[in-house]
Amino acid sequence: MDRIGVVDTMFARIDMGSIAESRLAGLEGYGERFEVVRATVPGFKDLAVAARRLIEKESCAIVVACGMPGGAELDQACAHEAAQGIMLAQVLTGTHILEVFVHAREESDPVKFEELCRNRVGSHAVNAYWMLYAPDELRKRAGQGIRQGSGDAGPLLG
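What you see is a predicted model; the values in this text were computed from it and never measured.

Calculation rules
- Residues numbered from 1 in each chain as written.
- Predicted model: local features only at pLDDT ≥ 70, side-chain atom pairs only at ≥ 80, totals over all residues.
- Heavy atoms only, no water.
- Phe/Tyr/Trp six-rings, centres within 6.5 Å; stacked < 30°, edge-to-face > 60°.
- Helix = DSSP H or I, 4+ residues; strand = E, 2+ residues; numbered from the N terminus.
- Buried < 20%, exposed > 50% of the residue type's maximum accessible area, 1.4 Å probe, protein only.
- Pairing = 2+ DSSP bridges.
- Right-handed = clockwise from strand over helix to strand, strands pointing away.
- Axes fitted to C-alpha atoms, helices over the stretch in contact; angles between N-to-C directions.
- Contact = heavy atoms within 4.5 Å.
- Parallel < 35°, antiparallel > 145°, perpendicular 65-115°, else oblique.
- Left-handed = near helix turned anticlockwise from the far one by under 90°.
- Nonpolar A, V, L, I, M, F, W, Y, C, P; charged D, E, K, R; others polar.

Visitor: Help me understand the packing of aromatic side chains in this model?
Guide: By convention here, two paired aromatic rings are described through the distance between centres and the angle between planes. Going through the model one piece at a time under the given rule, you end up with 5 aromatic pairs. Considering the side-chain rings of Phe-34 and Tyr-133, the 5.9 Å spacing of their centres and the 35° angle between planes classify their relative orientation as tilted. Note that Phe-34 is positioned in strand 2 (residues 34–41) and Tyr-133 in helix 4 (residues 110–133), a separation of 99 residues in sequence. Both residues of the pair, Phe-34 and Tyr-133, count as buried. With a centroid separation of 5.7 Å and an interplanar angle of 55°, the aromatic rings of Phe-44 and Phe-101 are classed as tilted.

This is how it looks when you write it as C-alpha cells:
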C-alpha cells in the first residue's frame, strides 16, 4: 500500500493536518490503495526534516507539508528559510513535498481565513493524490492560472 505523508505544526492556529487527512480520506483508494501517515512538529522550520523522515523512514511516496507563518516581518523571513529547507529535502530525497503555507497576512477576517486555509490545504491534498494516481488531472489544468486557496487568476490569453 502506498503512503501519503502529512506533516503539520503546533504553531498553526488551524488544524491543517486534519484538513489534509480528511480530504485524502474521501478520495478513491483510501485504505485500500493508500494510507495517510501523519506527523506534527512545533513550527514550520521543522517541516523539512519531518517530511524527509516520513519519506525515508515511513516510505511515503509524497508529503503534504502544512505551515502557518505569522504576520511579522521575522515570520516572513523564517517562512522563506523553511521553504528553502523543504526544497532541499525534495532534492535530497527525490520525492515531492508540497509546501502548503497559509500566511496570517493573507486575510484578516477569521472566518474567511479559515475558509482560505481549508481550501488551500484540501486542494493541495488532492494535488498530492493526483501526482501519484492521476497526473493527467494536473496536466489538463496547466496554464490555467489555478490557485490553491483563493480565486483563480485564469489564463493570460484566451
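There's more to say after this.
Visitor: Explanation requested: the pairing of strand 3 (residues 62–67) in the structure shown.
Guide: Note on strand geometry: in a regular strand, side chains alternate between the two faces of the sheet. The element strand 3 is largely enclosed, with a buried count of 6 among its 6 residues. Residues of strand 3 alternate between two faces, with Ile-62, Val-64 and Cys-66 on one and Val-63, Ala-65 and Gly-67 on the opposite face, all of them buried. Bridging between strand 1 (residues 2–9) and strand 3 involves 4 bridges; their strand directions are parallel. Paired with Ile-4 across the two strands is Ile-62, which belongs to strand 3. Note that strand 3 and strand 4 (residues 97–101) share 5 bridges and pair parallel. By the bridge assignment for strand 4, Val-63 is matched with Ile-97. Crossover strand 3 to strand 4 through helix 3 (residues 73–93) is right-handed.

Visitor: Even after reading the chapter, I still don't get the sheet that holds strand 2, so can you show me in this structure?
Guide: Backbone-to-backbone hydrogen bonds join strands into a sheet, with any given pair of strands oriented parallel or antiparallel. Pairing is parallel in the open sheet, where 4 strands are placed in the order 2-1-3-4. Across the chains shown, the open sheet's two edge strands, defined by having one partner strand only, are strand 2 and strand 4. Here the average twist between neighbouring strands, direction ignored, is 15°. Here helix 2 (residues 47–56) sits on the sheet and contacts strand 1, strand 2, strand 3 and strand 4; the angle it forms with strand 1, its principal contact strand, is near 160°. In the packing of helix 4 onto the sheet, contacts are made with strand 1, strand 2, strand 3 and strand 4, and the angle to strand 4 comes to roughly 170°.

Visitor: Whenever I open this one, the packing of helix 2 against helix 3 confuses me. Can you help?
Guide: Two measures define how a pair of helices packs: the angle their axes make with one another and the distance between the axes. Interaxial distance between helix 2 and helix 3 falls to 8 Å at its minimum, and their mutual angle equals 20°. Here helix 3 runs roughly parallel to helix 2, going by the angle between their axes. In terms of crossing hand, the pair formed by helix 2 and helix 3 is right-handed. Contacts from Leu-47, Ala-48, Arg-52, Ile-55 and Glu-56 in helix 2 reach Gly-85, Ile-86, Ala-89, Leu-92 and Thr-93 in helix 3. Residues that form the contact of helix 2 with helix 3 fall into these classes: 6 nonpolar, 2 polar and 2 charged.

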